[in-house]
Amino acid sequence: MVISNLRGGSGHSLLKRTASSVQSIKSGDNKGTTQISSLGRGRPVSGLGRGGTASGLGRGGSVSGLGRGGTDLGPGRGGSVSGLGRGGTIPCFGRGGTISGLGQSRGPSLRGRGQGANSTSISNGGMKSRACFNCSGTGHLSRDCPEPKTTRPVGGSCFNCGKEGHLSRDCTEPKKERHAGKCFNCNKENVNHIARDCPEPKKERQAEVDINGNSINRKYVPIVRSIEELYLEDKQNEELYRQVVDGDEDIRVTGPLSTIKLDTWHDAGFEEQVLVNVKEKSMYFRPRKIQAYTIPYIMEGHDVLGQAETGSGKTAAFMTPLICKIMNMKPDVFASQLYNEISPYAIVVAPTRELCLQICEQGQKFADKTVVKVGKTYGMYNILENIRELRSGCDILCATPGRLKMLVRNGIVTFKNLKYFVLDEADRLLDGNFITDIHEITAMPGFPVVVSCRIG
């Protein structure tokens, strides 16, 4: 795993130094690199220099930005989602008439009491009088009108005969044939029928398949286990956890930074709710070795390159400190609930859908009952349902490279608030086709530049 604190500096140094770190690990040349690695089968973890802190909010506007331009909370001059600007907005605090405007009252209110009256304005305590569309009288609607029903004037001519005064459905002339075209049922050209009127047997839609020949379900929505179910699973594995903790391989730390190690969870400096979720609900009675050496560096704002064997606790090693750091970044609970755009504080990139879902579940478990929201996005997930989930709240986004690129290119996800960029299974993501995807992501507009640092 690679955890980078995104701060000011040169453009692609993240990939350069990560790739060179992996190379230096393979070659044994790790001069100048702080690494924490498990001996034997494990993989290393390193802190990459002391640059600025993770929460460094620069001169630019923040989530609750109260600048002149409209923002999430938007008390600026420009119209915003909550519309405190001068221009009329959806909930309409502006001067102009609104969708649900309540008459000519001048005071601003949620339902838009603009100065201009509108079609649904209420005056004198009752509904505005309207004329009957049938007889033009008042006091009743056209459906209750006692006068004979009048024929509505038809604007334009009949599409069948070209004459005015009636519609094509009421035309007494013989129905003219449709212009010749292609039928999507029989695939014949220059025919005078459409698919629904085709005399041929209706053809079945062919299922879409992926490169492996498996059918693609465009309506697929992943089933995420509940938080209670995850906690119950941890409780059932409590005894197993105690056994594997004692069997963790030793950790090696190299580099310019002094070695920092957690002995207990209380030494981590976690927020109270996160500490409860980790220790009491997840039944992690003490940090595993990869967690004990990694968490302090992330909490102090250092970049980390971490490698350890599968099942050694790497997800908790980076997810728990990220949640705590983001809790301190978010201005308040109210602002955290205004998700007018999807701009996470942290993005965790994983090579597979299964791993992405697993990381998201664990993140949601550790963030339970906090203001931090953990979301996911990956291929096959129905795009509309996926966007709906992310707009309900996403501070940490777990994503596969392809779907992440698509959402960013379409302006659905932005990097405005991004402070952390995590590569899980970095050895896979920085090799083969994935390295191209990572390069493209870091080169996208708005992606923060990171501090330049030489490795090795």
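All values reported here derive from a predicted model rather than from experimental measurement.

Caption draft 1: How the structure looks around the pairing of strand 8 (residues 346-349). Here strand 8 shows no split at all, with A346 and V348 on one side and I347 and V349 on the other all buried. Relative to strand 10 (residues 396-399), strand 8 runs parallel, the two sharing 4 bridges. Directly across from I347, in strand 10, lies its bridge partner L397. Bridge count between strand 8 and strand 11 (residues 420-423): 4 bridges; the pairing is parallel. From the neighbouring strand, A346 faces strand 11, where its bridge partner is Y420.

Caption draft 2: How the structure looks around the state of the cysteines. The final tally for this structure, using the stated rule, is 0 disulfides. The thiol sulfur of C145 is not disulfide-bonded, and the nearest other cysteine sulfur, from C135, lies at 3.6 Å. This cysteine, C360, is not joined by any disulfide, and C398 carries the nearest cysteine sulfur, 4.9 Å off. Overall, C360 belongs to the buried group, its relative accessible area being 0%.

Caption draft 3: Spatial organisation of the nonpolar core. In terms of nonpolar packing, the biggest core is built from 49 residues, with F318, I323 and I396 touching the most fellow members. Of all the elements in the fold, those that place two or more residues in this core are helix 3 (238-246), helix 4 (272-281), helix 5 (289-299), helix 6 (314-329), strand 8, helix 8 (353-366), strand 10 and strand 11. Top contributing element to this core by residue count: helix 6, with 10 residues. Excluding residues within four positions of it along the chain, I396 makes contact with M319, L322, I323, I326, P344, A346, V348, V372, K373, V374 and G375.

Caption draft 4: Structural view of the UniProt feature "domain: CCHC-type" (unreviewed entry) in the protein chain. Per the UniProt record, "domain: CCHC-type" (unreviewed entry) is found at residues 132-147 and 158-173. Each end of residues 132-147 is marked by a C-alpha atom, and these two atoms are 10 Å apart; helix forms 0% of the span and strand 0%. Between the C-alpha atoms that bound residues 158-173 the distance is 10 Å, and the span itself is 0% helix and 0% strand.

Caption draft 5: Looking closely at the packing of helix 9 (residues 383-391) against helix 10 (residues 401-409). Across the interface, helix 9 lies against helix 10 with an axial gap of 13 Å and an inter-helix angle of 75°. Judged by the inter-axis angle, helix 9 sits roughly perpendicular to helix 10. Residue-level contacts link I383, N386 and L390 of helix 9 to R403, M406 and L407 of helix 10.

Caption draft 6: The arrangement of the pairing of strand 10 in detail. Neither face of strand 10 is open: one carries I396 and C398, the other L397 and A399, and all of them are buried. As paired strands, strand 9 (residues 374-377) and strand 10 are joined by 4 bridges and run parallel to one another. Across the sheet, residue T377 finds its bridge partner in strand 10, namely A399.

Caption draft 7: Seen up close, the packing of helix 5 against helix 6. The interhelical angle for the contact between helix 5 and helix 6, taken along N-to-C directions, is 30°, at an axis separation of 9 Å. In this view, helix 5 runs roughly parallel relative to helix 6, as classed from their interaxial angle. As for the relative orientation of helix 5 and helix 6, their crossing is right-handed in sense. Taken together, the residues of helix 6 that come into contact with helix 5 (itself represented by I290, Q291, T294, I295, I298 and M299) are K314, A316, A317, F318, T320, P321, L322, C324 and K325. Classifying every residue of the contact of helix 5 with helix 6 gives 10 nonpolar, 3 polar and 2 charged.

Caption draft 8: View of helix 6. In this model helix 6 runs 23 Å from its N-terminal to its C-terminal C-alpha over 16 residues, within 8% of the 22 Å that 1.5 Å per residue would give. Of all the 16 residues making up helix 6, 15 are buried; the element is thus mostly covered by neighbouring parts of the structure.

Caption draft 9: How the structure looks around the pattern of salt bridges. Using the criterion set out here, one finds 18 salt bridges in the structure. The closest approach of N and O atoms between D248 and R288, which form a salt bridge, is 2.7 Å. Note that D248 is positioned in the loop between helix 3 and strand 6 (251-254) and R288 in the loop between helix 4 and helix 5, a separation of 40 residues in sequence. Comparing D248 with R288 shows no difference in burial state: the two are buried. With its nearest N and O atoms 3.0 Å apart, the salt bridge here joins D250 to K289. Placement of D250 in the loop between helix 3 and strand 6 and of K289 in helix 5 is noted, with a sequence separation of 39 residues between them. With a relative accessible area of 46%, D250 lands in the partly exposed category. Through salt bridges that share partners, K405, R409, D437 and E440 make up one connected network.

Caption draft 10: The side chain of D424, seen in detail. For D424, the position within the fold is in the loop between strand 11 and helix 11 (426-429). For the buried D424, no salt bridge is present, and the opposite-charge side chain at shortest range is K314, 5.6 Å distant. If near-sequence neighbours (up to four positions away) are discounted, D424 is found in contact with M1, F318, V349, A350, P351, L355, I359 and L429.

Caption draft 11: Geometry of unusual backbone geometry. With phi around 60°, N187 is a residue other than glycine that occupies positive phi space. Among the secondary structure elements, N187 is positioned in the loop between strand 5 (126-127) and helix 2 (227-236). Notably, K369 is not glycine yet its phi reads approximately 65°, a positive angle. Here K369 is to be found in the loop between helix 8 and strand 9.

Caption draft 12: Looking closely at the packing of aromatic side chains. If you walk through the whole model with that rule in mind, you get 7 aromatic pairs. Judged by centre distance (6.0 Å) and plane angle (45°), the ring pair of Y378 and Y381 falls under tilted. Here Y378 matches Y381 in class, with each residue buried. Taken together, a centroid distance of 5.2 Å and an interplanar angle of 85° make the contact between F421 and F447 edge-to-face. In this pair, F421 is assigned in strand 11 and F447 in the segment after helix 12 (434-442), connecting sequence segments 26 residues apart. Judged by its relative accessible area of 1%, F421 is buried. Of the residues examined, F447 reaches a relative accessible area of 10% and is grouped as buried. The ring of F285 is capped by R242, whose NZ or CZ atom sits 4.3 Å from the centre of that ring.

Definitions and limits used
- Residues numbered from 1 in each chain as written.
- Predicted model: local features only at pLDDT ≥ 70, side-chain atom pairs only at ≥ 80, totals over all residues.
- Heavy atoms only, no water.
- Buried < 20%, exposed > 50% of the residue type's maximum accessible area, 1.4 Å probe, protein only.
- Helix = DSSP H or I, 4+ residues; strand = E, 2+ residues; numbered from the N terminus.
- Pairing = 2+ DSSP bridges.
- Disulfide = S-S within 2.5 Å.
- Core = buried A, V, L, I, M, F, W, Y, C linked by side-chain atoms within 4.5 Å.
- Contact = heavy atoms within 4.5 Å.
- UniProt positions renumbered as here; feature names shortened; annotations may be inferred.
- Axes fitted to C-alpha atoms, helices over the stretch in contact; angles between N-to-C directions.
- Parallel < 35°, antiparallel > 145°, perpendicular 65-115°, else oblique.
- Left-handed = near helix turned anticlockwise from the far one by under 90°.
- Nonpolar A, V, L, I, M, F, W, Y, C, P; charged D, E, K, R; others polar.
- Expected span 1.5 Å × (residues − 1).
- Salt bridge = Lys/Arg side-chain N within 4 Å of Asp/Glu carboxyl O.
- Lys, Arg positive; Asp, Glu negative; His and termini not counted.
- Phe/Tyr/Trp six-rings, centres within 6.5 Å; stacked < 30°, edge-to-face > 60°.
- Lys NZ or Arg CZ within 6 Å of the ring centre and 35° of its normal.

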